[in-house]
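# Summary of the model geometry
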Amino acid sequence: MDHTPPPFFKRGPAPLVRLFFFASLSLALLVIDARFRYVEGLRSWLALAAYPLQRIGTAPVDLAARVGEYFSTQARLVAENEQLRARALAYAQDAQRFQAAQAETEQLRRLIGAAERLALRATPAEVLYVGRDPYSRKLFIDRGAAQDVRPGSPIADEDGVIGQVTRVHPLVSEVSLLTDRDQAIPVQVVRNGLRAVAFGAGASGMLELRFMSAVADIQTGDRLVTSGIDGTYPAGLPVASVVRIERDAEETFARAVCQPVAGIERGRYVLILANESAHPPLPDAAKDRRGDKARKARAKAKDPKEADAAR
Amino acid sequence: MLPARSQILMPVRASTIMGSFALALFLNFLPWPDMRVVPDFVALVLAFWCVRQPRLVGIGIGWMIGLVADAGNGVLLGQHALAYSLLAFLAIWLSRRILWFGAALQTLHVALLLLVCQGAALLVRLAAGDSFPGWAILVGPLVGALLWPAVTWLLLRPQRRAEREQAI
């Protein structure tokens, strides 16, 4: 409702035409993003534009936490200090035993000729905020490509695995939580070494072992740790404990519902584990269609002369 | 030709519009506990400007802000863009009608707009293979519609003249 008279004859295309144009543009983007992932560069730039607002968005919560800390009483601080010192002592003992055990394991592995496991590098990061998308379970952390975070790195807190970095922006990274419906993690039952794959169960905040054999030796209360055979998650990190097993007489398979041990929905600080072990290359069949194209391009580029030289 | 009970407003400044969108994005990025019942502030502000200033804010701007929202939330690129361009179109289409009603009936119209916007996003996600997140997803748009009178009051403030000035 402004005061200038409307320009009757030049108002651009009709709204319906514009809607049609932008809707088709969106649909094209959606298909490109969902199927081919060609627009990651554009996404990074847009994410950089949204970053200041995201950063400011977390400020009120930070401020509230700081003010709360400021007013915590002396007595509580002393008690907490004592508690932490006791815990540090216990951890120090554990760490000493762990070092001895690790040295022994390495020696034994060398004796049987197995590949040595590389040490894990852990970088602390702070959780910026939880994804706004109600359809998936994601976290955003304050480390990105600028801090050398790589997609695929496992994320853990002090109790166990939380998830995996699925997308890296310049300054933030997206972490898909284990409870996301599209996440899977290879696990092993601590009690008997039974291997399985745990899938996220979505909104319930649980994990599921699907398609277990109906007679599989798994019990309520069993602890699950990563088996490390996927090459993404290092072996031996705690993942979940079994809370319920559904064995249906009509079904061939049993289904186990597990509660994650890590604070997936709580906690402010996480560790980015950089898994630096060298993997053998994936077999060609496992690569996607883009890999296929790249391979063809490589084959084309390699002219016969070069191939001869290589021989 | 002005709707009943309306006063003559000063022309809007571009900085007001940009500031309101930045504020709405900021509110969307706050760490809310349950995203399903929190209204989409950007959608609300977009609907407001499309109703009030259909020749300044339109489908193109809605689409671009939708892209930023997509990247910031880490969802499929184009989901919010599609929902917001649909919302902008409906708001522009209904803008002449909405302003003739009082606050309560305007709220009903806006509830419909926001529900359609949420529904478009829902359809995109279901098509992309996600599961239905529960009926609580309808609460957010309804809460957003209830905020409409407050948003109207707040965003029209810079355009309103002082009472005294108007009396002269």
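Conventions used here
- Residues numbered from 1 in each chain as written.
- Chains lettered and ligands numbered in written order.
- Predicted model: local features only at pLDDT ≥ 70, side-chain atom pairs only at ≥ 80, totals over all residues.
- Helix = DSSP H or I, 4+ residues; strand = E, 2+ residues; numbered from the N terminus.
- Buried ≥ 20, exposed ≤ 12 C-beta atoms within 10 Å, placed from the backbone.
- Contact = placed C-beta atoms within 7 Å.
- Nonpolar A, V, L, I, M, F, W, Y, C, P; charged D, E, K, R; others polar.
- Pairing = 2+ DSSP bridges.
- Axes fitted to C-alpha atoms, helices over the stretch in contact; angles between N-to-C directions.
- Domains from an automatic or database assignment.
- pLDDT = per-residue confidence, 0-100.
- Parallel < 35°, antiparallel > 145°, perpendicular 65-115°, else oblique.
- Left-handed = near helix turned anticlockwise from the far one by under 90°.
- Core = buried A, V, L, I, M, F, W, Y, C linked by C-beta atoms within 7 Å.

### Topic: the overall build of chain A
Of regular secondary structure, chain A possesses five helices and twelve strands. The buried share among the 311 residues of chain A stands at 26%. A separation threshold of at least 6 residues defines the contact pool for chain A, and within that pool the share at least 24 residues apart is 55%.

### A short note on the interface of chain B and chain A
Counting residues at the interface gives 41 residues for chain B, matched by 40 residues for chain A. Every element with two or more residues in the side of chain B that touches chain A is listed here: α1 (14-29), α3 (59-73), α4 (79-98) and α5 (103-127) of chain B. Of the residues contributing to the side of chain B that touches chain A, the split by class is 27 nonpolar, eleven polar and three charged.

### Structural notes on the sheet that holds strand β11 (residues 253-260) of chain A
Sheet strands pair by backbone hydrogen bonding; their relative direction is either parallel or antiparallel. With respect to topology, six strands assemble into a closed barrel ordered β6-β7-β8-β11-β10-β9 (chain A), the strand pairing being antiparallel. Looking at each pair of strands side by side, their axes are set apart by 40 degrees on average, direction ignored.

### Observations regarding the domain arrangement of chain A
Residue and element names in this part refer to chain A. When cut into domains, chain A gives domain 1 (15-70) and domain 2 (121-277). When each unit is reduced to the centre of its C-alpha atoms, the spacing between domain 1 and domain 2 is 25 Å. If you look at the interface, domain 1 gives seven residues, while domain 2 gives six residues. Considering only residue class, the side of domain 1 that touches domain 2 consists of three nonpolar, four polar and no charged.

### Focus: the pairing of strand β9 (residues 223-226) of chain A
Residues and elements named next belong to chain A. Burial of β9 is one-sided: the residues L224 and T226 facing one way are buried, the residues R223 and V225 facing the other way are not. Across three bridges, strand β6 (residues 184-189) lies against β9 in antiparallel orientation. Note that in β9 the partner of Q188 across the bridge is V225.

### Overview of the confidence of the model for chain B
Residues and elements named next belong to chain B. In this model, chain B carries an average pLDDT of 86, and 92% of its residues clear a pLDDT of 70 or more. Mean pLDDT values over the elements of chain B span from 56, in helix α8 (residues 163-167), up to 93, in helix α2 (residues 41-52). In the predicted complex, the global pTM is 0.72; the interface-specific ipTM is 0.82.

### What to know about the sheet that holds strand β1 (residues 121-130) of chain A
All names here are of chain A. Taken in spatial order, the six strands of this closed barrel run β1-β2-β5-β4-β3-β12, and their pairing is antiparallel. Going from strand to strand, the sheet's axes swing by 45 degrees on average, the running direction of each strand aside. In this structure, strand β3 (residues 154-156) lies alongside strand β12 (residues 269-274), joined through two bridges in antiparallel fashion. Note on β12: the bridge partner recorded for I155 is I272.

### Points about the packing of α4(B) against α5(B)
Two quantities define a packed helix pair, namely the angle between the axes and the distance from one axis to the other. Residue and element names in this part refer to chain B. Axis separation between α4 and α5 bottoms out at 9 Å; the angle between their running directions is 160 degrees. By the angle between their directions, the pair α4 and α5 is classed as roughly antiparallel. Two packed elements cross with a definite hand, and for α4 against α5 that hand is right-handed. Contacts between α4 and α5 pair Q79, H80, L82, A83, Y84, L86, L87, L90, A91, L94 and I98 from the former with Q106, H109, L113, V116, C117, A120, A121 and V124 from the latter.

### Thoughts on the environment of R191(A)
If you trace the backbone, R191(A) turns up in the loop between β6 and β7 (195-200). A sequence separation of 26 residues divides R191(A) from D217(A), and the C-alpha atoms of the two residues are 9.7 Å apart.

### Describing the packing of α3(B) against α4(B)
All names here are of chain B. In the contact formed by α3 and α4, the axes pass within 7 Å of each other and the chain directions differ by 155 degrees. Between α3 and α4, the interaxial angle falls into the category roughly antiparallel. Considering how the two elements wind past one another, α3 and α4 form a crossing that is right-handed. Across the interface between the two elements, I59, G62, W63, I65, G66, L67, A69 and D70 from α3 touch Q79, H80, A81, A83, Y84, S85, L87, A88 and F89 from α4.

### Quick word on unusual backbone geometry
All names here are of chain A. One non-glycine residue with positive phi stands out, namely D148, at about 65 degrees. When you line up the elements, D148 lands in the loop between β2 (138-141) and β3. A positive phi angle, close to 55 degrees, is found at F211, a residue other than glycine.

### Details of the nonpolar core
Among the nonpolar cores identified, the biggest contains 99 residues, and A198(A), L46(B), A47(B) and L87(B) are the most heavily contacted of them. Per-element tally for this core: the top contributor is α4(B), with twelve residues. Mapping this core onto the domain boundaries places at least three of its residues in each of domain 1 (15-70) and domain 2 (121-277) of chain A. The contact partners of A47(B), leaving out residues within four places of it in the chain, are L87(B), A91(B), V110(B) and L113(B).

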